[in-house]
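A look at the structure
Now for the letters of each chain:
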Amino acid sequence: MNYQDLANLVFPDVKDINYYEEKYAKRNLEDGAIVTRFAPSPTGFVHIGGLYQALVARKVAKQTNGVFFLRIEDTDQKREIENGVTGIVKSLQDFDMAPDEGQINDTEEIGSYGPYKQSLRKEIYQAYAKYLLAQGKAYLCFCTPEDLEQMRLKQETAKVRTGYYGVWATCRKLSVEEMAEKVKKGEAFIVRFKSPGREDRKIKHHDVIKGNVDFPENDQDIVIIKADGLPTYHFAHVVDDHLMRTTHVIRSDEWLSSVPLHLQLFQELGFKAPKYAHIAPIMKNDNGNKRKLSKRKDPEAAVEYYKQEGIPSDAVKEYLLNIASSSFENWRRQNPELPIEDFDLQLNKMSVSGALFDMIKLLDVSKSIISRYTAERVYEEAFKWANKYDEELKEILTDKEYALKVFGIERGNKKPRKDIAKWSDVKENIIYMYDKNIPEYPYQVINEKEDIKTILEAYKFNPSDDKQTWFDNIKKLAENLGYASEVKEFKANPGMYKAHVGDVSTVLRVALTGRTNTPDMYEIMQVLGKEKVEKRFKEAISKLN
Ligand code: GLU
C-alpha cells in the first residue's frame, strides 16, 4: 500500500487533474490584463465593504481589458441564507457592476471557467486533494471534534499555539496502511494538508496594496476536505483561483495572515501563485473611536440601505473611489464631466489602513452628481424610487410634464441646483411646487404683519417679464415702500431704511413657498404660473389677518 493506492481508495471516481488543467486553459488575454473576482459567501446581506472590493476588482480588470468574475463561495452550507445568491447578483446589477463571468442568477451562470458556485465543484476539489494525497502531501485525519477540543484545551494549558501542527498532528504519524485500514472499517475522516513549513522560518511576501510583509512560515496541517466532502475556504481558494486563471486576488485584509498558508498550497500543488492585493476595511468614526463598519450596528453597512434611501448608485461608486484612492478627488476636480470609468485606479496606491466612511461627504458627492442629471433623468429615477418606497411622492409625480418643469428649475446651467442628495429628499424639496399645504414658516427681517401685507398686496407678477425686468420690479417695489433697493446702499446707511430689497424678496419667497431657501424664485414663479402665484399670495395675506 502506498499513498497512490490510498488516494485511489478514498477518491476512486474523480478525474485526473490533467483533465481540468486542459479544460480550463490559460486565458488568451493581452499582456498586463488583470483577471480578478468577487468571491462572496451567501451568508448575509451584501456589505458595503464587499461592494467596495467588487468595485475595485472590477475597475482594475476593466482598465486592463481583463476579466472580472463572480464566484459564489458556498462551502459553508450551514451558514447559507435563503436568497443569498440572488441578493449578491442583484446588488451587483443594481450598481451596474455585473461580472463578465459567473452567476447571473441563483441557478444560471455565464463563462467557460465554471461552475462558479463552489458547491458545484466538489469533484474538482477532490481531484486536487487526491493529487496531493497520492504524493503524500496530504493525509487522512480521523480525529473527532471531541479529540480536537481536548487537544486545544491541552495546548491552552501548556500555553502553546493552538492548532494541528508538529507533535500535535497525531494522524500525520499514521502509516498509509493504518489509514487505509481505518477507511476500510468505515471510520469518518477528513483530508489534511501536510505542511512542509516551520514556524521558526520567515517568508517575505509582497502585497500589491500592503507592500512588503514578513510572516512566519505556515506549519499548520489545515483541513482541505471536510467531512461533508466539500473543501475549506483555503483549499477552494487555491484550486479555484488557479483554474479560473485569476492573476490578482483582491480581497479583504482579514485574509492577509493566511497568505503564508496559501502560498504554501500553491507551491505544493505546483501552481504559480497569483498576486495578492489586500484591501483595508471601511471604518467608521464612532464617538471618536475608529472601528469597522458593522453589520449589526450600522444600517449603512448594508448596500440595500442606499437603495432604500434612494442614493444613486453612481454616487455610491464615486464615493467609494474617493475612499479607494487619494488621487481621485484631484482627478475629479480636473475632469468634472468624465465618467468614473475614465479614472485610472492604481492598486498599489490604495490606502494601507482603513479609510473612514463619511456619510456627509457621500451625500455631497451625490448632490453634485444629481445636479448634473437632466430633469428627465431626475424625474425617471425619482419616480422609480417613489414607485417602490413612497406612495405620496409617486402621486405627486404623476403629472410628468409639470414635474419636468419643476426639476428643470436651475438645472442644465453652469451652476445647477444642488439640493437633492437622494431620492428620499425629493418630496421635501419640491412639495411647495404643488398645491399641498404650504408649511408656515416665520417671516424673517420684515416680520410686522402690516409690512408683510403691504408688500404682498403691492406685488404684481408679470409672467412675460424677463428675469432682469422681474427683479427690477421687485427693486422698485422695495423703493416705493421705503426699503433700500440695493443691499450696498442699505449697508452704507443702515439707519435710513427698515430693511433692503433682499428682505423684501424673502417676504415673497416665504409667502410663496413656506421657506427661506429655495432655488431661483423667478423660475419658481414661472413654473407655478400667474394664477397660482397670486393665489398663494392671497392665501398668505389671509393667514396674516
Ligand atoms: N468567501 C470569502 C469571503 O467572503 C472570500 C475571500 C476572497 O475573496 O478570497 O470573505
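Everything below is about the structure printed above this text.
Attention here is on the structure that accompanies the text. Since this is a predicted model, take the numbers as computed values, not measurements.

Now for the site of the ligand. Close to the ligand lie R37, A39, P40, S41, E73, Y233, R251 and W255, which account for all nearby residues. Among the residues making up the shell around the ligand, the classes are represented as four nonpolar, one polar and three charged.

With that settled, consider the packing of helix 8 (residues 233-243) against helix 9 (residues 259-269). Contact geometry for helix 8 and helix 9: axes closest at 10 Å, N-to-C directions at 55°. When the interaxial angle is binned, helix 8 and helix 9 end up oblique. As for how helix 8 packs across helix 9, the hand of that crossing is right-handed. Every residue of helix 9 that contacts helix 8 at Y233, H234, F235, H237, V238 and H242 is listed here: L261, H262, L265, F266 and L269. Among the residues forming the contact of helix 8 with helix 9, the class breakdown is seven nonpolar, four polar and no charged.

Glancing now at the sheet that holds strand 2 (residues 67-70). Strand order in the open sheet formed by four strands is 1-2-3-4, with mixed pairing between adjacent strands. Here the strands that pair on one side only, and so sit at the sheet edges, are strand 1 (35-38) and strand 4 (109-110). Here strand 1 runs beside strand 2; their pairing, made up of four bridges, is parallel. Across the sheet, residue R37 finds its bridge partner in strand 2, namely F69. Seen against the sheet, helix 3 (residues 48-63) touches strand 1 and strand 2 and runs at an angle of roughly 160° to strand 1.

The next thing to look at is the sheet that holds strand 5 (residues 138-141). Strand order across the open sheet formed by three strands is 5-6-9, with antiparallel pairing between neighbours. Edge positions in the sheet fall to strand 5 and strand 9 (223-225), since each has one partner strand and no second. Averaged over all pairs of adjacent strands, the angle between their axes in this sheet comes to 45°, without regard to strand direction. For strand 6 (residues 190-193) and strand 9, the ladder comprises two bridges, and the chain directions are antiparallel. Its bridge partner being in strand 9, V191 is matched across the sheet by I225.

About the thresholds
- Residues numbered from 1 in each chain as written.
- Predicted model: local features only at pLDDT ≥ 70, side-chain atom pairs only at ≥ 80, totals over all residues.
- Heavy atoms only, no water.
- Near = heavy atom within 4 Å.
- Nonpolar A, V, L, I, M, F, W, Y, C, P; charged D, E, K, R; others polar.
- Axes fitted to C-alpha atoms, helices over the stretch in contact; angles between N-to-C directions.
- Helix = DSSP H or I, 4+ residues; strand = E, 2+ residues; numbered from the N terminus.
- Parallel < 35°, antiparallel > 145°, perpendicular 65-115°, else oblique.
- Left-handed = near helix turned anticlockwise from the far one by under 90°.
- Contact = heavy atoms within 4.5 Å.
- Pairing = 2+ DSSP bridges.

All quantities given are derived from atomic positions and should not be read as evidence of function.
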